Amino acid sequence: MNKIVRWTSVLAVVTLGFAAAAQAQDGKDLAKSHACFTCHAMAGTKVGPGFAEIAAKFAGKPNAAQTLAEAMEHGEKGTFGAMPMPAQAGLTDSDAKLIADWILSQKK
Ligand code: HEC
């Protein structure tokens, strides 16, 4: 009995690990497919700030993922500089949330 319980928890931990890795990949793939990399690099300013800089600025802020998701969907200006980000058309709420979680996981 105990052995079964132990194996079940090992399996659960492994499965969760894979799920987390898969989600991280999804966020990056989504950012690629929505052409976010036209204006953003992983780190360092392109047209907009690097994803690492965005993560660093928003890390630990309350509702950070929600704030970033809304910035993508509605556009944003003034947080990083004079250049505004236009609203990203065709982004669903759930895609925006997945990308936001992925961005926030990029902090160094
Ligand atoms: C036309 C260029 C452009 C494209 C395309 C673009 N961005 Fe941006 N993005 C910017 C600029 C410029 C800023 C800085 C805006 C500011 O200072 O608030 C920014 C800011 C951000 C921010 C920080 C929000 C904030 O408060 O400033 C996030 C998150 C973000 N972009 C994600 C994305 C994602 C995800 C995509 C793809 C769906 C995307 N961007 C596509 C130019 C772009």
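Because the structure is predicted, anything quoted here is derived from the model rather than measured.

### Regarding unusual backbone geometry
Line of reasoning, step 1. Positive phi, close to 60 degrees, is recorded for Ala35, a residue that is not glycine.
Line of reasoning, step 2. Of note in the backbone geometry, Asn63 takes a positive phi value of approximately 55 degrees without being a glycine.
Line of reasoning, step 3. Considering the arrangement of structural elements, one finds Asn63 in the loop between helix 2 (51-58) and helix 3 (64-74).
Line of reasoning, step 4. Asn63 sits in the exposed class, given a relative accessible area of 59%.

### Focus on the confidence of the model for the protein chain
Line of reasoning, step 1. Here the protein chain shows a mean pLDDT of 89. Residues at 70 or above account for 81%.
Line of reasoning, step 2. Across the protein chain, helix 3 holds the top mean pLDDT of 98, while helix 1 (residues 2-33) sits lowest at 74.

### Description of the coordination of the iron atom of the ligand
Line of reasoning, step 1. In the first shell of the iron atom of the ligand, the protein supplies His40 (NE2) and Met85 (SD), at 2.0 to 2.1 Å from the metal.
Line of reasoning, step 2. For the iron atom of the ligand, the six donor atoms are set out with angles of 88 to 178 degrees between them, so the coordination reads as octahedral. Here His40, found in the loop between helix 1 and helix 2, pairs with Met85, found in the loop between helix 3 and helix 4 (93-104); they are 45 residues apart in sequence, far enough to count as distant.
Line of reasoning, step 3. Relative accessible area serves as the criterion here: at 11%, His40 is assigned to the buried category.
Line of reasoning, step 4. When its relative accessible area of 26% is taken as the criterion, Met85 is described as partly exposed.

### Structural notes on the environment of Glu73
Line of reasoning, step 1. Looking at the secondary structure, you find Glu73 in helix 3.
Line of reasoning, step 2. When the C-alpha atoms of Glu73 and Thr92 are compared, they prove to be 8.1 Å apart, with 19 residues separating the residues in sequence.
Line of reasoning, step 3. Not counting residues up to four positions away in its chain, the partners in contact with Glu73 are Ala87, Gln88, Leu91, Thr92, Asp93 and Ala96.

### Structural notes on the pattern of salt bridges
Line of reasoning, step 1. Taken as a whole and assessed by the stated rule, the structure comprises one salt bridge.
Line of reasoning, step 2. For Asp101, the salt bridge identified is with Lys97, shortest N-O distance 3.3 Å. Residue Asp101 and its partner Lys97 are both found in helix 4; the two are separated by four residues, about one turn of the helix.

### Things to note about the layout of surface pockets
Line of reasoning, step 1. As a volume, the largest pocket reaches approximately 640 Å³.
Line of reasoning, step 2. Contributing to the lining of the largest pocket are 31 residues, with His40, Gly48, Pro49, Ile54 and Met85 lying nearest its centre.
Line of reasoning, step 3. Secondary-structure elements contributing two or more residues to the lining of the largest pocket are helix 2, helix 3 and helix 4.
Line of reasoning, step 4. Counting residues per element, the lining of the largest pocket draws most heavily on helix 3, which supplies four residues.
Line of reasoning, step 5. Here the lining of the largest pocket is built from residues that sort into 20 nonpolar, nine polar and two charged.

Calculation criteria
- Residues numbered from 1 in each chain as written.
- Predicted model: local features only at pLDDT ≥ 70, side-chain atom pairs only at ≥ 80, totals over all residues.
- Heavy atoms only, no water.
- Helix = DSSP H or I, 4+ residues; strand = E, 2+ residues; numbered from the N terminus.
- Buried < 20%, exposed > 50% of the residue type's maximum accessible area, 1.4 Å probe, protein only.
- pLDDT = per-residue confidence, 0-100.
- Donors = N, O, S within 2.8 Å, 3.2 Å for Na, K, Ca; no water.
- Tetrahedral: all angles 85-135°; square planar, octahedral: opposite > 155°, others 65-115°.
- Contact = heavy atoms within 4.5 Å.
- Salt bridge = Lys/Arg side-chain N within 4 Å of Asp/Glu carboxyl O.
- 1 Å grid on protein atoms, 1.4 Å probe; cavity = no way out; pocket = protein on both sides within 12 Å on 5 of 7 lines; lining within 4 Å.
- Points joined across faces, edges and corners; volume = space filled by probe spheres on them.
- Nonpolar A, V, L, I, M, F, W, Y, C, P; charged D, E, K, R; others polar.

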